[in-house]
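Topology and contacts: notes
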Amino acid sequence: SLKENNNGTLLKDLGKTNIHYNAIVTYDNINDDRHKVFIKDKNSIIYDIFKTDELNVVSLHSHVLKWVGKQFKATTYSLDNYIESIEYADKNFFILGVQWHPEHDDDNLLFKRLILEAQKRKDTNK
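The present account deals with the structure reproduced in this document. A quick note: this is a predicted structure, and the numbers were derived from the prediction, not measured. (Residues numbered from 1 in each chain as written. Predicted model: local features only at pLDDT ≥ 70, side-chain atom pairs only at ≥ 80, totals over all residues. Heavy atoms only, no water.)

The next point concerns the overall build of the protein. A tally of helices and strands in the protein yields 2 helices and 7 strands. The helix and strand sequence of the protein, counted from the amino end, reads β-β-α-β-β-β-β-β-α. Among the 126 residues that make up the protein, the fraction classed as buried is 35%. For the protein, the proportion of contacts with a sequence separation of at least 24, taken over those separated by at least 6, is 59%. Summed over its atoms, the accessible surface of the protein is roughly 8,300 Å², and 51% of this surface lies on carbon and sulfur atoms. (Helix = DSSP H or I, 4+ residues; strand = E, 2+ residues; numbered from the N terminus. Buried < 20%, exposed > 50% of the residue type's maximum accessible area, 1.4 Å probe, protein only. Contact = heavy atoms within 4.5 Å. Areas by Shrake-Rupley, 256 points an atom, 1.4 Å probe, with all protein chains shown as cover.)

This paragraph deals with the environment of I86. Within the fold, I86 resides in strand β6 (residues 83–88). Residues I86 and V98, 12 residues apart in the sequence, show an inter-C-alpha distance of 6.6 Å. Setting aside residues up to four positions removed in sequence, I86 forms contacts with L65, V68, F72, K73, A74, T75, I95, L96 and G97.

Our next topic: the packing of aromatic side chains. Across all of its chains, the model carries 2 aromatic pairs by this definition. A ring pair is formed by F72 and Y88, whose centres lie 5.4 Å apart and whose planes are at 70°; its orientation type is edge-to-face. Separated by 16 residues along the polypeptide, F72 in strand β5 (residues 72–78) and Y88 in strand β6 bring together distant segments of the chain. (Phe/Tyr/Trp six-rings, centres within 6.5 Å; stacked < 30°, edge-to-face > 60°.)

Below, the discussion takes up unusual backbone geometry. One non-glycine residue, K51, lies in positive phi territory at about 50°. Checked against the element boundaries, K51 lands in the loop between α1 (45–50) and β3 (54–58). Positive phi, close to 70°, is recorded for N81, a residue that is not glycine. Tracing the sequence through the fold places N81 in the loop between β5 and β6.

This part takes up the pairing of β5. Strand residues, when the strand is regular, have side chains that alternate between the two faces of the sheet. Bridging between strand β2 (residues 34–39) and β5 involves 3 bridges; their strand directions are antiparallel. Of the residues in β5, the one forming a bridge with I39 is T76. Pairing of β5 with β6 involves 5 bridges; the strand directions are antiparallel. Across the sheet, residue F72 finds its bridge partner in β6, namely Y88. Linkage of β5 to β6, two consecutive antiparallel strands, is achieved through a turn of 4 residues, within which N81 is found at a positive phi near 70°. (Pairing = 2+ DSSP bridges.)

See the structure below:
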């Protein structure tokens with residue numbers, strides 16, 4: 001079947017059922033577009049970064065992942081069970097994708113980890 005042969009991702013259009021479909025977001029109303037996501041895999045990079053089971057993220061999208069590629073795993077889900085983050089299954093690599101806007105988080109934990117990972121790789125490639 002198509003699902004077993006999937007080497008990438010397929011997107012599903014949420015269309016007008018998505019509450020963010022026609023949202024106009026400014027810094028004044030950014031918190032109106034927050035929703036909870038749940039980290040389902042405690043053996044994941046995303047859990048290691050945030051050290052919690054639940055996040056409240058800014059999300060503005062009209063597509064979701066339907067299937068992830070064979071080399072990836074889904075680690076975070078929305079309340080309506082859509083995939084919200086994926087990562088490469090081999091933890092020797094730092095490959096992480098999120099379906100939200102981490103630039104609107106005050107803690108910058110995701111960006112701090114990205115910088116740390118880049119620095120580690122820079123130091124090992126000298």
